[in-house]
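Chain residues, written in single-letter form:
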Amino acid sequence: MRTKAFNPPCLLPHSALKGLKGGLPAWIALIAWVGLGSGAVHADRLAGAALAQQGGPGMTACVACHGARGEGQAAAGFPRLAGQPKAYLLKQLQEFANGTRKNPQMEPIARALSAQQRGDVADHYASLPGWKAGAKAAASSPQSLAGSSLATRGNWNKEIPACFACHGPDGAGILPHFPALSGQPSAYTRAQLKAWQAGTRSNDPQGLMKAVADRMTDAEIDAVSLYLEHPSFSGRRE
Amino acid sequence: MPNWFSKWLENQKHTRAFHPSWILLVVATTIIIAGIVWIPAALVSKAEYDRLPSAALPASEKTSAPTGEIPAAVEQPGFPAPTGPKTIRVDFSPPDVGDLPSGEFGEAVRLGRNIFNDTQTYARAYVGNGLNCVNCHLDEGRKANSAPLWAAYVMFPAYREKNSRVNSYEDRLTGCFRFSMNGKVPPPGSKELIALMSYSYWLSKGAPVGVELAGRGYPKLAEPQQPPDAARGKKVFEANCAICHGADGQGTQVSGRYAFPPLWGKDSFNAGAGMTQVHNAAAFIRANMPLGQGNTLTEQEAWDVAKYMNSHGRPVDPRLVKS
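On a predicted model such as this, the values are computed, not experimentally measured, just so you know. (Residues numbered from 1 in each chain as written. Chains lettered and ligands numbered in written order. Predicted model: local features only at pLDDT ≥ 70, side-chain atom pairs only at ≥ 80, totals over all residues. Heavy atoms only, no water.)

The next point concerns the domain arrangement of chain B. All names here are of chain B. Domain assignment breaks chain B into domain 1 (86-217) and domain 2 (219-323). The distance between the C-alpha centroids of domain 1 and domain 2 comes to 22 Å. A buried area of about 1500 Å², summed over both sides, lies between domain 1 and domain 2, and 53% of it is on carbon and sulfur atoms. By the criterion of area lost to domain 2, the three top residues of domain 1 are Leu131, Asn145 and Phe179, representing 29% of everything that side buries. In this structure, the connection of domain 1 to domain 2 is made through one salt bridge. Across the salt bridge formed by Arg257 and Asp118, the nearest N and O atoms sit 2.9 Å from each other. Seen at the junction of domain 1 and domain 2, the total is ten residue pairs in polar contact (both at pLDDT 80 or more). For the side of domain 1 that touches domain 2, the elements supplying multiple residues, two or more each, are helix 4 (119-122) and helix 7 (169-180). With three residues, the top contributor of residues to the side of domain 1 that touches domain 2 is helix 7. (Domains from an automatic or database assignment. Buried area = accessible area lost by both parts, 1.4 Å probe. Salt bridge = Lys/Arg side-chain N within 4 Å of Asp/Glu carboxyl O. Polar contact = N/O pair within 3.5 Å; in protein donor to acceptor, adjacent residues only side chain to side chain. Helix = DSSP H or I, 4+ residues; strand = E, 2+ residues; numbered from the N terminus.)

Given below as structure tokens:
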């Protein structure tokens, strides 16, 4: 059982944990690690937080577009970053920087970041709390039911697996490669699915996401994008 | 023997004109004449057969049976010529989840569906690994070519070589518990088995009994061109499977449950399971993996990666454990 809550902020090496029963040398190693290593990691994450808040030379602060807590901007279709897997965020920044993923707003920003800064800011956003299901009542329009059905069951008549099979139970993502979808502005989700269809986004590993997007109709894209902005999970298991 | 014949024979013997090769000559002539009549006849009947299904069934009318007797079941046009008179292949689609029945029976169907999709929660006592039935029978046991329940239900009782006897459908379900789920066999008549039977029965509503439905099992692959090779399979695995099933094949967990199931090791199917046979695994993988990209690997890649998967350790075959 490993949940985020139980993870110490800086991952303890497994050997160190095991060694704790092993006596003095292990304790010395642990104290040294906390003193040196963990401090350094914190500093990186703090640098990332500073970058997000203040930006840098020639670089708008991330919060200007991605929201004060990394929650995104629904109206503008700017994506939520908070709680996404670190490896996923870092990969996106690298790919905006090297042009594998195209976007006029993000490409110059990602290029302005050093490799170290990309790691720092990815670490910062990954550490922020992700989307949580709110008290919002479950919508049950035909469209939201269709969206919910795609997300939780897929449409195998067209070989579309459930979105949550790859994006995790409740769409919360699967470390390290699969991003969370839940709580993402619908305009953003819709734009990404269309971008895969048009071939303007093509940075997914093994073409896994393109295979899915290519089989979707416009109506399915609309339904699932709207559903994923405020998903409700009540009817998932009867 | 007619008189004229014995007279003729006698005469022949006398004149020494008879020779045994006469007999040969007669037989050969008979065969040639029979051939002249039979071959065109056979060709004609084959042509008739090939034409039949497609002629009787325009592609757009795939919803009603030609006879009108079997709802939602139709002979599949263009299916390769059957190998025997009993293997008529029929298209079928199971009822929609929206049409789940109500009442006590509906409750059993719902429980069966829950057990199938989330065996870890709903039949915990009978499971000895980290898998759920749905991991190998995709889309809630509905997906064609993923050994769907609706195609299985109508084919039992049947003889199985695995245990050398005629098995009921209930027996067949318990086989997957014992081997694929590395677990315990739910007792006959238990609520778990009744629920799974009810779910399968409901899924196969309207399907003809005892007829091989198109999409049953995992589609068999032709013999591989090169013998399956684990070293080549390792490369296929790293390029296509590791992102989900993990570089070590141990799957990927979210909150203590497998989001991507393990392919070997202690939480996977045991050494007696059907999936340990390379031909079964290759067939499943080729039609269903990578998830959402079925039928994209070459058949040789599927054989190789199946061989690689099954070259690893897993729980022992319970039949080999002395109790």
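Relative orientation and spacing of two packed helices are given, respectively, by the angle between their axes and the distance between those axes. All names here are of chain A. Where helix 7 (residues 142-153) contacts helix 11 (residues 218-229), the two axes come as close as 7 Å, and the packing angle between them is 85°. Viewed along their axes, helix 7 and helix 11 adopt a mutual orientation that is roughly perpendicular. Taking contact as the criterion, the partners of Gln143, Ser144, Ala146, Gly147, Ser148, Leu150 and Ala151 in helix 7 are, on helix 11, Glu220, Asp222, Ala223, Val224, Leu226, Tyr227 and Leu228. Taken together, the residues of the contact of helix 7 with helix 11 sort by class into eight nonpolar, four polar and two charged. (Axes fitted to C-alpha atoms, helices over the stretch in contact; angles between N-to-C directions. Parallel < 35°, antiparallel > 145°, perpendicular 65-115°, else oblique. Contact = heavy atoms within 4.5 Å. Nonpolar A, V, L, I, M, F, W, Y, C, P; charged D, E, K, R; others polar.)

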